[in-house]
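Listed below, chain by chain, are the residues.
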Amino acid sequence: MKKGLRLGLVFALALVTVVTFAACGTSSSSSKEYIIATDTTFAPFEFENKDGKRVGIDMDLLKAIAKDQGFKYTVKALGFDGAVQSLESGQSDGVIAGMSITDERKKKFDFSDPYFDSGIGMAVKKDSTITDYDQLQGKNVAVKAGTEGARFAKENQSKYGYTLSTFKSSANMYEDVKSGHSAACFEDYPVLGYAITKGQPLKIVGDLQAGNSYGFAVQKGKNQKLLKMFNAGLKHLKKNGQYDKIVNKYIKTK
Ligand code: GLN
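Sequence positions are assigned chain by chain, starting from 1 and proceeding in written order. The model is predicted, so local features are restricted to residues of pLDDT at least 70 and side-chain atom pairs to those at 80 or more, both for listing and for counting; the totals for chains, interfaces and linings are taken over all residues. As a convention, hydrogens and water are excluded, and side-chain values are obtained from all of the structure's heavy atoms.

Q: Go over the overall build of the protein chain, please, and point to the residues and values.
A: Helix numbering and strand numbering both begin at the N terminus, where a helix is a DSSP run of H or I of at least 4 residues and a strand a DSSP run of E of at least 2. The number of helices and strands found in the protein chain is ten helices and twelve strands. Looking at the protein chain as a whole, 45% of its 254 residues qualify as buried. For the protein chain, the computed accessible surface area is about 13,800 Å², with 56% contributed by carbon and sulfur atoms. Three labels apply to residues, based on accessible area from a 1.4 Å probe with only protein chains included: buried if under 20% of the type maximum, exposed if over 50%, partly exposed otherwise in between. Computed with a 1.4 Å probe, the accessible areas rest on the Shrake-Rupley method; for each residue, only the protein chains presented here act as cover.

As structure tokens, then:
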């Protein structure tokens, strides 16, 4: 009796496995659903609106490009470092996360055409007396793991003599500055500017650092079809005015 039950279970499991594989086979051959990883909170590029919907320039561009090119996708908000790691390990097919196109990253990833120009800025608390990088001596600076801001902070650490705290999200980084634990944070300036216009009690001080433009990334040599579709869709959106419409929805440019 017991043996029969076990055999039955084994058979049922085998059947489930066969059915699952068959289902996967048909779905992937007809229309692949790409997994696109992104950051959690990087407004105005990706963030949750008050209805709990993930929106922003990256999210809207991806949606419009997918519609234009006719591909399906699911978004996974993993944080910046998490998104890049998931792409590197092949758990996702692409990353759109305000990801700067750098020579270092080009060794591991293929990037789309650039779609937004950016760079790094320093933000301090609104009432802070710090006005420049050379006043960070002996202070603490907050950065986000795996970002260009974190790289810039590390490169200049001995020059300015600060300590570093690394956070997973921009929100946690801003909290650390607001609490006074960190005297400043380094972050992409369009994102800092947007946070300030939305009421974060911060201000940008010191020189802005010219940075690299944002691109959509896939694993090097992989998902080239997806990359081509992204570029073709982006081109269409720029031509038909949809790109400007999306950007202007979030950032008022004059
Ligand atoms: N543009 C920065 C980078 O690529 C930050 C991206 C982000 O925090 N989402 O490192």
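Q: Could you give me a rundown of the sheet that holds strand β9 (residues 163-167), with the residues and numbers involved?
A: The strand order β9-β8-β10-β7-β11 describes an open sheet built from five strands, whose pairing is mixed. The sheet is open, and its two borders are formed by β9 and β11 (202-210), each paired with just one other strand. The average undirected angle you get between the axes of adjacent strands in this sheet is 30°. Pairing between strand β8 (residues 140-144) and β9: five bridges, direction parallel. The residue of β9 that forms the bridge with Val-143 is Thr-166. The criterion used for residue contact is that any of the two residues' heavy atoms lie within 4.5 Å. Whenever a helix is involved, its axis is fitted only over the stretch in contact; in every case the axis is a line through C-alpha atoms, and angles between N-to-C directions fall within 0 to 180 degrees. Sitting on the sheet, helix α7 (residues 170-178) is in contact with β7 (119-125), β8, β9, β10 (184-188) and β11, with an inclination near 150° to β10. Each pair of strands is called paired provided DSSP finds at least two bridges between the two strands.

Q: Give me unusual backbone geometry: which residues, what numbers.
A: Omega for the peptide link from Ala-43 to Pro-44 comes to 10°, which places this bond in the cis form. Mapped onto the secondary structure, Pro-44 falls in the loop between β1 (33-38) and β2 (47-48). Although it is not a glycine, Asn-223 adopts a positive phi angle of roughly 50°. Residue position: Asn-223 is located in the loop between β12 (217-219) and α9 (224-239).

Q: Go over the site of the ligand, please, and point to the residues and values.
A: If even one non-hydrogen atom of a residue comes within 4 Å of a molecule or strand, that residue is called near it. The immediate surroundings of the ligand are formed by 13 residues, with Gly-98, Ser-100, Arg-105, Glu-148 and Asp-188 found nearest. Asp-188 is positioned such that a nitrogen or oxygen atom in its side chain is 2.5 Å from a nitrogen atom of the ligand. Out of a free accessible area of 290 Å², the ligand has 100% covered by protein chains. Looking at the shell around the ligand residue by residue, the class counts come to five nonpolar, three polar and five charged. Polar contacts, as counted here, are pairs of nitrogen or oxygen atoms within 3.5 Å of one another; within protein the pair requires one atom able to donate a hydrogen and one able to accept it, and residues that are adjacent in sequence qualify only if both atoms are side-chain atoms. For this classification, Asp, Glu, Lys and Arg are treated as charged, while Ala, Val, Leu, Ile, Met, Phe, Trp, Tyr, Cys and Pro are nonpolar and the rest, including Gly, are polar.

Q: Go over the packing of helix α2 (residues 57-69) against α9, please, and point to the residues and values.
A: At their nearest, the axes of α2 and α9 sit 9 Å apart, and the two run at 100° to each other. Here α2 is positioned roughly perpendicular relative to α9, judged by the angle of their axes. Between α2 and α9, the residues in contact are Leu-61, Ala-64, Ile-65, Asp-68 and Gln-69 and Met-229, Phe-230, Ala-232, Gly-233, Leu-234, His-236 and Leu-237, respectively. Grouping the constituent residues of the contact of α2 with α9 by class yields eight nonpolar, three polar and one charged. Under this scheme an angle from 65 to 115 degrees is roughly perpendicular, one under 35 degrees roughly parallel, and one over 145 degrees roughly antiparallel; angles in between are oblique.

Q: Give me the lowdown on empty space enclosed by the protein, citing residues and values where you can.
A: Using a 1 Å grid laid over the protein atoms alone, points where a 1.4 Å probe fits but cannot get out form a cavity; open sets with protein on both sides within 12 Å along at least 5 of 7 lines form a pocket; any residue with an atom within 4 Å of a point counts as lining. Grid points are joined across faces, edges and corners, and a volume is the space filled by probe spheres set on the points. If you walk through the whole model with that rule in mind, you get one cavity of 30 Å³ or more. In this structure, the largest cavity occupies an estimated 100 Å³ of space. Residue lining of the largest cavity: 15 residues in total, with Phe-42, Gly-98, Thr-147, Glu-148 and Asp-188 positioned closest to the centre. Elements supplying a minimum of two residues to the lining of the largest cavity: α5 (148-155) and β10. Here the element with the most residues in the lining of the largest cavity is β10; it accounts for three residues. A per-class count over the lining of the largest cavity returns five nonpolar, four polar and six charged.

Q: Report on the pattern of salt bridges, specifying residues and quantitative values.
A: Any carboxyl oxygen of Asp or Glu within 4 Å of a side-chain nitrogen of Lys or Arg constitutes a salt bridge here. In this structure the tally under the stated criterion is eleven salt bridges. Note that Glu-48 and Arg-54 form a salt bridge whose closest N and O atoms lie 3.3 Å from each other. Taking relative accessible area as the criterion, Arg-54 reaches 27% and is therefore assigned partly exposed. We note a salt bridge from Glu-155 to Arg-151, for which the minimum N-O separation is 2.5 Å. Separated by four residues within a single helix, Glu-155 and Arg-151 lie in helix α5, roughly one turn from each other. Judged by its relative accessible area of 52%, Glu-155 is exposed. A network of salt bridges, in which partner residues are shared, links Glu-148, Arg-151 and Glu-155.

Q: So what's going on with the packing of aromatic side chains? Residues and values would help.
A: Here a Phe, Tyr or Trp ring, Trp counted by its six-membered ring, pairs with any other such ring whose centre lies within 6.5 Å, and the pair is stacked when the planes are under 30 degrees apart, edge-to-face when over 60, and tilted otherwise. Scanning the entire structure with this criterion turns up 17 aromatic pairs. Put simply, the rings of Phe-42, Phe-45, Tyr-115, Phe-116, Tyr-214, Phe-216 and Phe-230 touch in pairs and so form one group of aromatic residues. Charge-over-ring contacts are defined here by two conditions on Lys NZ or Arg CZ: a distance within 6 Å of the ring centre and an angle within 35 degrees of the ring normal. The residue whose ring lies beneath Lys-238 is Tyr-243, and the NZ or CZ to ring-centre distance is 4.9 Å.

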